[in-house]
Amino acid sequence: ASPAGSAPSGSGPPLSGTASGQPAAPGLRPSSVTFVSPSVGAVLGQAGSSCATRTCVAVAGTSTYGQSWYKVGAPAAGPPNGSAGVSQVRFLNLQDGWAYGPQLFATHDGGQTWTKIAGLGPGRVIDLATVGDRAFAVLATCGGTGPDYASSCTSFTLLSATADSDSWAAVPGTAAGIPVSPGGLQITGQRGYLLAHGTLYAGPVTSGSWHPVPAAVPGRPPCLGGARQPGWQPGTGLLAQQPGDVYLVCTSASGSTEPASLGSLILYASPDGGQTWQDRGVIPERGTAMSLAVAPGGAIVLATSAGIYYSPHAASWHQASLSGQAPGGGFSYVGMTTTLQGVAVPASGPHEVFTTGDGGRTWQSRAIP
């Protein structure tokens, strides 16, 4: 249960509150973004010119919330390909960070060196979140090939480690032989949640066991619970939380594992950790739901294949304004760093991320050289 790390691999300048003095890899196409403060963060993506003749993973940092970028050391890995490569990044602070999806690498010096984590057991790391002094990761058995490494997952285990350690152990109560998808793991300073095929798990973010949350039948979202409901069966959803509330949008209808079109999506909110749910209404916007975020004490923001939408008070939805042309395919991820600041990653193509400074109403393109 306590895997060992192999020899360090990958090297480069660290994530910093200023800059490394080295330019970001040219042509970097971000697939993931992470922030440790209202100004300092990093993106991970593919950059063809950073590894001579082959495409490999590169990391860039910012100390200006995306207005400028610099080089950060990256793990020696390629893009996701079945059970190999990485596609996502999370930093807890300026020292401790992880690159994953499907393999797992860790750094404890801000990216100057990365260690490939071995011995986790069979499976692929499809989700990872950090809080306090701990990291949590979802290790799943999946059959997807190529870049679809996180598809056709049939079982999972939730793992945890202290931020400064590479020894991971299973969290009691969370191993199950049911499907799981990326994006179902949500952590705050008070509590953690994991949504997997109709079951919502919850538990402490320090140490201790997690458990399935028994949801009351009246008002229960259609993608929760073990029994199939008309037009739905237990599936996946977009989960987001802030202190005091958990938000859920069910994304699979009639047994489909693909995200549902927005015309059929309903936002649900739970004030008691998933035991009871309140219907907050249909989301009427266009596209395919991809990522849900809640600003601390602020708006709910939804990224779709058509754009970004926000709801100031979970009552009405509005399309956000984007600087320039919306990226083809929309956005794969959106996250809120503060009540006003947020960041979104285009689904494909552009060498850029988008940031907001007004709670999700307007978004500016931030090019990565």
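Read on for a plain summary of the structure. All figures in this text were calculated on a predicted structure; none of them were measured in a lab. (Residues numbered from 1 in each chain as written. Predicted model: local features only at pLDDT ≥ 70, side-chain atom pairs only at ≥ 80, totals over all residues. Heavy atoms only, no water.)

## Regarding the overall build of the protein chain
Looking only at helices and strands, the protein chain features zero helices and 30 strands. Looking at the protein chain residue by residue over its 369 residues, the buried ones come to 51%. Within the protein chain, residue pairs in contact and separated by at least 24 positions form 48% of the contacts whose partners lie at least 6 positions apart. Carbon and sulfur atoms make up 52% of the accessible area of the protein chain, which amounts to about 13,900 Å² in all. (Helix = DSSP H or I, 4+ residues; strand = E, 2+ residues; numbered from the N terminus. Buried < 20%, exposed > 50% of the residue type's maximum accessible area, 1.4 Å probe, protein only. Contact = heavy atoms within 4.5 Å. Areas by Shrake-Rupley, 256 points an atom, 1.4 Å probe, with all protein chains shown as cover.)

## Observations concerning the state of the cysteines
Chemically, a disulfide is nothing more than a covalent bond linking the sulfur atoms of two cysteines. Tallying each qualifying case throughout the model produces two disulfides. Covalent S-S linkage joins Cys 142 and Cys 153, the inter-sulfur distance amounting to 2.0 Å. Note on the Cys 142 and Cys 153 pair: the S-S dihedral is about 95 degrees, so by sign convention the disulfide is right-handed. Note that Cys 142 is positioned in strand 11 (residues 134–142) and Cys 153 in strand 12 (residues 153–162), a separation of eleven residues in sequence. Classification of Cys 142 by relative accessible area gives buried; the value is 14%. Exposure remark for Cys 153: the relative accessible area of 6% places this residue in the buried category. For Cys 223, the disulfide goes to Cys 250, at an S-S distance of 2.0 Å. (Disulfide = S-S within 2.5 Å.)

## Considerations on the sheet that holds strand 29 (residues 352–356)
Across the sheet, five strands lie side by side as 26-30-29-28-27; this open sheet has mixed pairing. Edge positions in the sheet fall to strand 26 (321–322) and strand 27 (331–336), since each has one partner strand and no second. The pairing of strand 26 with strand 30 (residues 362–367) spans two bridges and is classified as parallel. Bridging across to strand 30, Leu 322 finds its partner in Trp 363. (Pairing = 2+ DSSP bridges.)

## A look at unusual backbone geometry
With omega at 10 degrees, the peptide bond leading from Gly 101 into Pro 102 counts as cis. Position of Pro 102 among the secondary structure elements: in the loop between strand 7 (97–100) and strand 8 (104–107). The backbone phi angle of His 197 is positive, close to 45 degrees, even though this residue is not glycine.

## Let's talk about the sheet that holds strand 22 (residues 289–294)
Ordered by their spatial adjacency, four strands build an open sheet running 22-23-24-25, and the pairing between neighbours is antiparallel. Only two strands of the sheet have a single partner each, and these edge strands are strand 22 and strand 25 (318–319). In the sheet, strand 22 pairs with strand 23 (residues 300–304) via five bridges, with the strands oriented antiparallel. Each bridged residue has a counterpart across the sheet, and for Val 294 the counterpart in strand 23 is Ile 300.

## Regarding the pairing of strand 2 (residues 29–35)
Counting buried residues along strand 2, five of its seven residues qualify, which places the element largely inside the surrounding structure. Here strand 2 runs beside strand 3 (residues 41–47); their pairing, made up of six bridges, is antiparallel. Across the sheet, Pro 30 pairs through a bridge with Gly 45, a residue of strand 3. In this antiparallel pair of consecutive strands, strand 2 and strand 3, the connection spans five residues.

## Some thoughts on the pairing of strand 10 (residues 124–131)
With respect to burial, strand 10 is a largely interior element, seven of its eight residues being buried. Alignment of strand 10 against strand 11, held across seven bridges, turns out to be antiparallel. When the sheet's bridge partners are listed, Ala 129 is paired in strand 11 with Phe 136. Hairpin connection, strand 10 to strand 11: the antiparallel pair is bridged by two residues, and Gly 132 has positive phi, about 60 degrees.

## Quick word on the side chain of Ser 270
Take Ser 270: it is sitting in strand 20 (residues 266–270). From its side chain, Ser 270 meets the backbone oxygen of Thr 276 in a polar contact 2.8 Å long. Other than its neighbours up to four places away in sequence, Ser 270 contacts Gly 244, Asp 245, Val 246, Gln 275, Thr 276 and Trp 277. (Polar contact = N/O pair within 3.5 Å; in protein donor to acceptor, adjacent residues only side chain to side chain.)

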